[in-house]
Amino acid sequence: MKKLTIAIDGYSSCGKSTLAKALAKELNYIFVDTGAMYRGVSLYAIENELILDGQIAENVLISRLPEIDLSFEFNEKEQRPELLLNGKNVEHKIRTLEVSQVVSQVAKISEVRSFLVDKQRKMGETGGVVMDGRDIGSVVFPNAELKLFVTAAPEIRADRRFKELQAKGEDVNLEDVAANLKERDELDTSRKESPLIQTDDAIVLDNSNLTPDGQLELVLKWVGRIQ
Ligand code: C5P
């Protein structure tokens with residue numbers, strides 16, 4: 001069977017990674033969570049004090065990009081790839097609200113984007129890949145055989161993300177989580193460089209009323225039609 005490239009884009013916290021991970025497992029494909037990579041660069045900037053009072057020392061960060069090594073290792077117990085930043089597993093650290101609050105500013109920087117897009121293209125060059133993010137169908141793999149644009153009602157997304165952070169023991173409130181999602185969606189859709197867009201050839205998937213299994217079943221049907 002043909003090894004496809006599947007691009008999954010959409011708003012923050014609408015279950016793109018959950019879908020991409022399940023799909024990759026089912027099809028025996030590679031799963032690449034590109035948001036984790038933007039979060040990894042953001043964590044590097046925070047840990048190296050390149051962000052003060054919300055201001056990014058952009059030129060310094062750009063000059064340090066060659067020092068940032070990002071890779072994934074598979075966690076058998078959790079059944080998911082986890083991000084390594086310069087050899088250290090940072091999966092937990094990159095998911096905090098602190099990182100979420102700066103990541104869309106970091107992702108606006110064009111040099112950061114080309115640095116990561118190059119890596120993403122290499123990771124997916126052999127096909128048999130499910131990649132999720134904001135610019136996968138528009139920029140990273142414009143020729144992907146299947147493109148999905150995932151969305152869900154804002155209050156449902158905020159509630160899902162809030163519960164996820166709470167379950168991880170983060171001290172957060174629903175209003176802050178909802179405000180962060182709104183802000184990231186605005187920044188991601190309005191930025192000059194590779195904004196989040198719905199390409200003409202993408203299938204829209206609104207999963208507000210779908211369970212993760214229901215959503216997977218639906219997408220597997222679409223995959224079956226083009227394979
Ligand atoms: O997917 P996730 O919500 O973890 O992504 C975090 C942020 O990284 C997004 O809000 C966006 O600013 C940025 N991002 C991006 N392009 C991608 C993936 C993520 O700009 N392909």
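Quick caveat: nothing in here was measured; it's all calculated off a predicted structure.

Caption draft 1: Geometry of the site of the ligand. Surrounding the ligand, one finds 13 residues, the nearest of these being Gly-35, Tyr-38, Ser-104, Ala-107 and Gly-133. Of all elements in the fold, only helix H2 (34–47), helix H4 (97–106) and helix H8 (174–190) reach the threshold of two or more residues within the shell around the ligand. Here the shell around the ligand gets 4 residues from one element, more than from any other, and that element is H2. When the residues that make up the shell around the ligand are grouped by side-chain class, the tally is 3 nonpolar, 5 polar and 5 charged.

Caption draft 2: Here's a closer look at the environment of Leu-218. One can find Leu-218 in helix H9 (residues 212–226). Taking the C-alpha atoms as reference, Leu-218 lies 9.4 Å from Leu-205; in sequence the two are 13 residues apart.

Caption draft 3: Region of the structure containing the nonpolar core. Counting residues in each nonpolar core, the largest one holds 29 residues, and the members touching the most others are Ile-8, Leu-23, Val-130, Met-131 and Leu-148. Mapped onto this core, the elements with two or more residues apiece are strand E1 (5–10), helix H1 (16–27), strand E2 (30–33), strand E8 (129–133), helix H6 (136–140) and strand E9 (146–151). Setting aside anything within four residues of it in sequence, one finds Ile-8 in contact with Lys-16, Leu-19, Ala-20, Val-130, Met-131, Asp-132, Ile-136, Leu-148 and Val-150. Membership of the second largest hydrophobic core comes to 19 residues, among which are Tyr-38, Ala-45, Leu-83 and Val-90.

Caption draft 4: Molecular detail of the packing of helix H7 (residues 154–167) against H8. Running from N to C, H7 and H8 point in directions that differ by 120°, and their axes come no closer than 9 Å. In terms of axis orientation, H7 runs oblique to H8. Crossing of H7 against H8: the hand is right-handed. For the pair H7 and H8, the contacting residues are Pro-154, Arg-157, Ala-158, Arg-161, Phe-162 and Leu-165 in the first and Leu-174, Val-177, Ala-178, Leu-181 and Lys-182 in the second.

Caption draft 5: Expanded view of the sheet that holds strand E10 (residues 203–206). One open sheet accounts for 5 strands, arranged E2-E8-E1-E9-E10; its pairing is parallel. Only two strands of the sheet have a single partner each, and these edge strands are E2 and E10. Adjacent strand axes in the sheet meet at a mean angle of 20° when their direction is disregarded. In this structure, E1 lies alongside E9, joined through 5 bridges in parallel fashion.

Caption draft 6: Representation of the packing of H1 against H9 within the structure. Look at H1 against H9: their axes get within 10 Å of each other, and the N-to-C directions meet at 55°. Taken together, the axes of H1 and H9 are oblique relative to one another. Where H1 crosses over H9, the two elements pack in a sense that is right-handed. Here Thr-18, Leu-19, Ala-22, Leu-23, Glu-26 and Leu-27 of H1 lie close against H9, whose contacting residues are Pro-212, Gln-215, Leu-216, Val-219, Leu-220 and Val-223. Class assignment for the residues of the contact of H1 with H9 results in 9 nonpolar, 2 polar and 1 charged.

Conventions and cut-offs
Residues numbered from 1 in each chain as written. Predicted model: local features only at pLDDT ≥ 70, side-chain atom pairs only at ≥ 80, totals over all residues. Near = placed C-beta within 6 Å. Helix = DSSP H or I, 4+ residues; strand = E, 2+ residues; numbered from the N terminus. Nonpolar A, V, L, I, M, F, W, Y, C, P; charged D, E, K, R; others polar. Core = buried A, V, L, I, M, F, W, Y, C linked by C-beta atoms within 7 Å. Buried ≥ 20, exposed ≤ 12 C-beta atoms within 10 Å, placed from the backbone. Contact = placed C-beta atoms within 7 Å. Axes fitted to C-alpha atoms, helices over the stretch in contact; angles between N-to-C directions. Parallel < 35°, antiparallel > 145°, perpendicular 65-115°, else oblique. Left-handed = near helix turned anticlockwise from the far one by under 90°. Pairing = 2+ DSSP bridges.

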